[in-house]
Amino acid sequence: MSDKEKPVRRSQAWFGRLDRDGFIYRSWMKNRGIPHDQFDGRPVIGICNTFSELTPCNSHFRTLAEQVKIGVWESGGFPLEFPVMSLGETMLRPTAMLFRNLASMDVEESIRGNPLDGVVLLMGCDKTTPSLMMGAASCDLPTIGVSGGPMLSGKFRGRELGSGTDVWKMSEEVRAGQMSQEEFFEAESCMHRSHGHCMTMGTASTMASMVEALGMSLPGNAAIPAVDARRNLLARASGRRIVQMVKDDLVMSKILTRQAFENAIRVNAAIGGSTNAVIHLLAIAGRIGVDLTLADWDALGHKLPCLVDLQPSGTHLMEDFYYAGGVPAVIRELGDVIARDALTVNGQTLWDNCKDAPNWNREVIHAFNEPFKTEAGIAVLRGNLCPDGAVIKPSAATPALLKHKGRAVVFENSEHMHERMDDENLDVDENCVLVLKNCGPRGYPGMAEAGNMPLPPKILRKGITDMVRVSDARMSGTAYGTVVLHVAPEAAAGGPLALVQDGDIIELDVAARKLHLHVSDEELARRREAWQAPPAPMARGWVKLYVEHVQQANLGADLDFLRGKSGAGIPKDNH
Ligand code: FES
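Residues numbered from 1 in each chain as written. Predicted model: local features only at pLDDT ≥ 70, side-chain atom pairs only at ≥ 80, totals over all residues. Heavy atoms only, no water.

Within an unreviewed UniProt entry, the label attached to the protein reads Dihydroxyacid dehydratase, and the organism entered is Paralcaligenes ureilyticus. In UniProt, the protein has this text filed under Sequence similarities (unreviewed entry): "Belongs to the IlvD/Edd family." (UniProt positions renumbered as here; feature names shortened; annotations may be inferred.)

The following block contains the structure:
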């Protein structure tokens, strides 16, 4: 190719200049021994790293980044690693979700403001995946996702322990007096025994599967354990591949089409994925300009079966899922249901990548016509209690409670819930519906994973482990129960949830997609007159910006001014 025909890469707006500014851009880079020929127009690849010791799930990402770099060098690219805000699900208060959009802005501006032609996203813990995908989608460069991989299965006294899921179970056992404090401590060391993210089909595993189903990673990305050598191989192969993607101008919007999101919704149903995926995919679609709605989740996914028997809906863990064949095997089982033309980062379609994928264990990945659970996708509910929708994950619920009418026991916020829940005088029985308000995007703020409220001890002592629960909160992807989530509009925004009172009758009918508050319109209007919005949580900084601009759950809880494609236009220099 003659020099005239060579494509002018984005990075050349920095490194290709002959003037004073070109000197500045190159010279400072040379301070660690970068040779001059690295600035000759070869693809410059950003490695967006969410390593942090405060994000235990991503603590092995330095190794992973090194592998990506080797791959980039091997393909003739120029890798440049950069850090972005990392969101540790277990550490970050009040909730990592409060900062998802902030981290996405860090990613977006870091990409746009720097001399990058393509990007590799290193993602693992729950919110690191959507925040990186959202930020990168806003820029729309050639981009490839590399997940950190799940931890090895937890092992405790001869049985398997799943992250999150078994914490909920064991903490209820301690509260019910069935497990000692010493045993509880011992289980801590047994649950998380290797690098990696939660190894149940929680939000991290779900989002890694979504990245793969969207076509944004190489096949097999979601399930390879973090400490398996093949995780390093995948990182290295991704480094090699991104260089070619830049040469082919395979930008994110060519992969993240409407078809890709439809496939992801279907795969989410088949893996029994987290309800958090609903919010994150809606937000990612919003950034890339794909018209995806809450209703699409029901229309595309609800009728589909769950094929994968993994905690929290089932019994196995991600290690088992990998050995059984992972996401490629699930996609092959889905067969005709998959949109076959959806393109992926390796240049082939999703179907071409997966059509011959073996399924090594049908106890873990069931056949489509012998599913683990039928009609298991996320159901979207409507009714006077949730005019803009609410969601429930039927595969994690008690079947008998999917149609239920009960008396509301109301908690005004999470503090009120903690105060009242253990009160032996709380007027509650197992037929009641627990209602939690003010835990939505604006109200908490940040939309807490508080929707799977603990049950009152007197109910637990009867051996009852599930009740219908309704809130504007989210739920950990590792949690389970008959839990209605993401009620929109949220209570803090004046949604009808704000008007529910103790003793009101609430009707849930998942088959009819109905969530109804049996209170007359006149009475609701009277209550609305008397309703006062809760005080704003904080009047400064990020939280102020967030509360003023966050959208409701049915729109993905993104900031209103971040929706829509913006691209990777090159900012002017400042020298
Ligand atoms: Fe990081 Fe679960 S805490 S994935």
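Once you've had a look at it, read on.
Thoughts on the sheet that holds strand E9 (residues 403-411)
Read across the open sheet, the six strands follow the order E12-E11-E10-E9-E13-E14; overall the sheet is mixed. For this open sheet the edge positions go to strand E12 (483-484) and strand E14 (514-517), each flanked by a neighbour on one side alone. As judged from the five bridges shared by E9 and strand E13 (residues 505-509), these two strands associate in the antiparallel manner. Across the sheet, Arg407 pairs through a bridge with Ile505, a residue of E13. Strand contacts of helix H17 (residues 414-421): E9 and strand E10 (433-436), with the helix running at about 100° to E9, the strand carrying the most contacts. (Pairing = 2+ DSSP bridges. Helix = DSSP H or I, 4+ residues; strand = E, 2+ residues; numbered from the N terminus. Contact = heavy atoms within 4.5 Å. Axes fitted to C-alpha atoms, helices over the stretch in contact; angles between N-to-C directions.)

Notes on the state of the cysteines
Taken as a whole and judged by the stated rule, the model has zero disulfides. Not part of a disulfide, Cys190 finds its nearest cysteine sulfur in Cys198, a span of 16 Å. For Cys190, a relative accessible area of 18% corresponds to the buried category. Here Cys354 is not cross-linked by a disulfide; its sulfur's nearest cysteine counterpart is in Cys306, at 18 Å. (Disulfide = S-S within 2.5 Å. Buried < 20%, exposed > 50% of the residue type's maximum accessible area, 1.4 Å probe, protein only.)

Section: the environment of Ile505
Along the chain, Ile505 turns up in strand E13. We classify Ile505 as partly exposed; its relative accessible area is 33%. Taking the C-alpha atoms as reference points, Ile505 and Lys405, 100 residues apart in sequence, are found 6.8 Å from one another. Not counting residues up to four positions away in its chain, the partners in contact with Ile505 are Lys405, Gly406, Arg407, His516, Leu517 and His518.

Some details on the sheet that holds strand E3 (residues 118-123)
What the four strands build is an open sheet, ordered E2-E1-E3-E4; its pairing is parallel. If you trace the sheet from one side to the other, it starts and ends with strand E2 (78-83) and strand E4 (143-147), each paired once. Adjacent strand axes in the sheet meet at a mean angle of 20°, parallel and antiparallel pairs treated alike. In the sheet, E3 pairs with E4 via five bridges, with the strands oriented parallel. Along E4, the bridge assignment pairs Leu121 with Gly145. Across the sheet, helix H3 (residues 61-74) is in contact with strand E1 (44-49), E2, E3 and E4; its angle to E2 comes to roughly 160°.

Quick notes on the nonpolar core
With 107 residues, the main nonpolar core has Met133, Phe261, Trp297 and Phe321 as its most contacted residues. Sorting elements by how many residues they give to this core places helix H12 (residues 276-288) first, with eight residues. Setting aside chain neighbours within four positions, we find Phe261 in contact with Leu214, Leu256, Leu281, Ile284, Ala285, Ile288, Val290 and Leu292. Formed by 29 residues, the second largest nonpolar core is a distinct cluster that contains Ala397, Val435, Val510 and Val519. (Core = buried A, V, L, I, M, F, W, Y, C linked by side-chain atoms within 4.5 Å.)

Some points on the UniProt feature "binding site: Mn(2+)" (unreviewed entry) in the protein
Residues given the UniProt feature "binding site: Mn(2+)" (unreviewed entry) here are Glu89, Asp126, Lys127 and Glu449. In sequence the annotated residues extend across 361 residues, while in space they remain close, none of their C-alpha pairs exceeding 12.4 Å. Take Glu89: it is sitting in the loop between E2 and helix H4 (100-112). For Glu89, a relative accessible area of 18% puts it in the buried group.

Structural notes on the packing of helix H6 (residues 165-175) against helix H7 (residues 181-191)
Interhelical geometry of H6 versus H7 gives an angle of 170° and a closest axis separation of 10 Å. Considered as vectors, H6 and H7 are oriented roughly antiparallel to each other. Contacts from Asp166, Val167, Met170, Ser171 and Val174 in H6 reach Gln181, Phe184, Ala187 and Met191 in H7. Classifying every residue of the contact of H6 with H7 by side-chain character gives six nonpolar, two polar and one charged. (Parallel < 35°, antiparallel > 145°, perpendicular 65-115°, else oblique. Nonpolar A, V, L, I, M, F, W, Y, C, P; charged D, E, K, R; others polar.)

A closer look at the packing of aromatic side chains
Geometry of an aromatic ring pair is reported as the spacing of the ring centres plus the angle between the planes. For the structure shown, the criterion picks out seven aromatic pairs. Between Phe15 and Phe78, the aromatic rings sit 6.4 Å apart at their centres with planes inclined by 35°, giving tilted as the arrangement. A residue pair is termed long-range when its members are at least 10 positions apart, and Phe15 in helix H1 (residues 12-15) and Phe78 in strand E2 qualify at 63 residues. Of the residues examined, Phe15 reaches a relative accessible area of 4% and is grouped as buried. Here Phe78 falls in the buried class, since its relative accessible area comes to 0%. Within the aromatic cluster, the residues linked to one another by ring pairs are Phe15, Phe39, Trp73 and Phe78. Here Lys169 stacks its cationic end above the ring of Tyr480, 5.6 Å away from the centre of that ring. Seen from the ring of Trp351, Arg340 lies directly overhead, with NZ or CZ sitting 3.9 Å from the centre. (Phe/Tyr/Trp six-rings, centres within 6.5 Å; stacked < 30°, edge-to-face > 60°. Lys NZ or Arg CZ within 6 Å of the ring centre and 35° of its normal.)

Re helix H8 (residues 203-213)
With eleven of eleven residues buried, H8 is to be regarded as a mostly interior element. Taken as a whole, H8 has its buried residues at Thr203, Ala204, Ser205, Thr206, Met207, Ala208, Ser209, Met210, Val211, Glu212 and Ala213.

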